[in-house]
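# Examining the three-dimensional arrangement
Given next are the chains, with one letter for each unit.
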Amino acid sequence: MGIGAGGGMLLGMDNQDRGAVHRGALRVPVGQGPMRTTREISLRERVIELAVEVGTAVTMDPDILSVSLKSSLGDLVTNADLAIQTRLFEGLHDLLPNASLLGEEHTTQAWSEDTWVVDPVDGTTNMVHGFPHAAVSIALFRSGEPHMAIIHNPFSQSTYFATSGSGSFVRDHRSNKPDRRLRASLTRQLQSSLVSFGLPYDRSEADMVFATMSRIFDRCQDIRRTGSAALDIAFVAQGRLDAHVESSLRPWDVAASGILLTEAGGVVTDWAGRSICWSEGLESSSVLASNSMIHEELLALLGEGGAVSYTRDRSSPTSAE
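The notes below deal with the structure included here.

Cut-offs used in this document
Residues numbered from 1 in each chain as written. Predicted model: local features only at pLDDT ≥ 70, side-chain atom pairs only at ≥ 80, totals over all residues. Heavy atoms only, no water. Helix = DSSP H or I, 4+ residues; strand = E, 2+ residues; numbered from the N terminus. Buried < 20%, exposed > 50% of the residue type's maximum accessible area, 1.4 Å probe, protein only. Contact = heavy atoms within 4.5 Å. Areas by Shrake-Rupley, 256 points an atom, 1.4 Å probe, with all protein chains shown as cover. Polar contact = N/O pair within 3.5 Å; in protein donor to acceptor, adjacent residues only side chain to side chain. Pairing = 2+ DSSP bridges. Axes fitted to C-alpha atoms, helices over the stretch in contact; angles between N-to-C directions. Core = buried A, V, L, I, M, F, W, Y, C linked by side-chain atoms within 4.5 Å.

Once that is clear, we can look at the overall build of the chain. Looking only at helices and strands, the chain has eight helices and 16 strands in total. Counting only residues that meet the buried cut, the chain has 55% of its 321 residues in that class. Put simply, 65% of the contacts in the chain that link residues at least 6 apart link residues at least 24 apart. Only carbon and sulfur atoms are counted for the fraction: they give 50% of the accessible area of the chain, which is about 13300 Å².

Glancing now at the side chain of Ser168. Mapping Ser168 onto the fold places it in strand β10 (residues 168-172). Classification of Ser168 by relative accessible area gives buried; the value is 0%. Here the side chain of Ser168 touches Leu260 through a polar contact of 2.5 Å, landing on its backbone oxygen. The contacts of Ser168, once residues within four sequence positions are left out, are Phe161, Ala162, Arg180, Arg181, Leu182, Ile259, Leu260, Glu263 and Ala264.

Counting buried positions along strand β16 (residues 285-290) gives six out of six residues, so the element sits mostly inside the fold. Burial along β16 is two-sided: Ser285, Val287 and Ala289 facing one way and Ser286, Leu288 and Ser290 facing the other are all buried. Here strand β14 (residues 243-249) pairs with β16 via five bridges, running antiparallel. Note that in β16 the partner of His244 across the bridge is Ala289. Across three bridges, strand β15 (residues 267-269) lies against β16 in antiparallel orientation. Note that in β16 the partner of Val268 across the bridge is Ala289.

This part covers the sheet that holds strand β13 (residues 222-224). Spatially, β13-β12-β14-β16-β15 is the arrangement adopted by the five strands of the open sheet, whose pairing is mixed. Whereas interior strands pair on both sides, the edge strands pair on one side only; in this sheet they are β13 and β15. Here the average twist between neighbouring strands, direction ignored, is 20 degrees. As judged from the three bridges shared by strand β12 (residues 194-197) and β13, these two strands associate in the parallel manner. Looking at β13, one finds that Leu194 is bridged to Asp222. The strands touched by helix α4 (residues 206-219) are β12, β13 and β14; relative to β12, the strand with the most contacts, the crossing angle is about 175 degrees.

Grouped together as the largest cluster of nonpolar side chains are 35 residues, with contacts concentrated most on Ile151, Tyr160, Leu260, Leu261 and Val287. The dominant element in this core, judged by the number of residues it contributes, is helix α5 (residues 229-238), at eight residues. Apart from residues no more than four positions distant in its own chain, Tyr160 is found in contact with Ala149, Ile150, Ile151, Phe169, Val170, Leu182, Leu231, Ala234, Phe235, Gln238, Arg240 and Leu260.

Structure follows, in structure tokens:
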């Protein structure tokens, strides 16, 4: 079982009691599980400190950024991405010296017993344009299973975090208020839902994605496009959005946010409703992240027009070397 260990929809249950099997992908009930040890809490807090530290670079003046293209016009990397990932790798290595490190700008290490999956800046294009919506995203997998997630939004000074079996929370660094528990929304129908979309770097997918967006837009209350999958899925966990839809994401794009959402009572699958197991070497996948209650309705729409077959053909495993 990997990220998006999806859950079924028991519509008569409230958000805390949901816990079922969704097409073979088991999701633990919200907030139930082993108590966290002092050591685990200490590890989480040190990772949060690290994310907050590097997050200051995300808010720097975009005029001083050095920007390069990667795979396409919309796929950018900056000196800030590289510097943040270097500092994250150093800090995470100090915390768990034997762990593997996988990141958007460096993916040479194989999965191991402990594996960090890092996106130094999720929302690089936003950062380059001074659009204040981007995040530092960090996930820890243990034995191939999702274990811990930290997503820091330096613009709002909010940190989302979760540990497997113990629920999801958000911390507001601007106030002294206690950490707040996250719950996915209880919206039961797509017609009352706010749905976010991501757009692909590969613009040959654009027609399929826009056709898919159009079908969903016809049925939902409204759609949003913000440019950060990590934050969009965190917003689904927070109940601000009801679902997020994206045709192709890499592990670092969704690893942390998938843990957050699962722990908040939501579901993450691919567009065919299957669980997504990054530790098996999957290079990319379509992603549907929802509050669980509208998941089947969205899957039905995604099954129209050949979108599921298209994204299945485009998802491929990669070597663990």
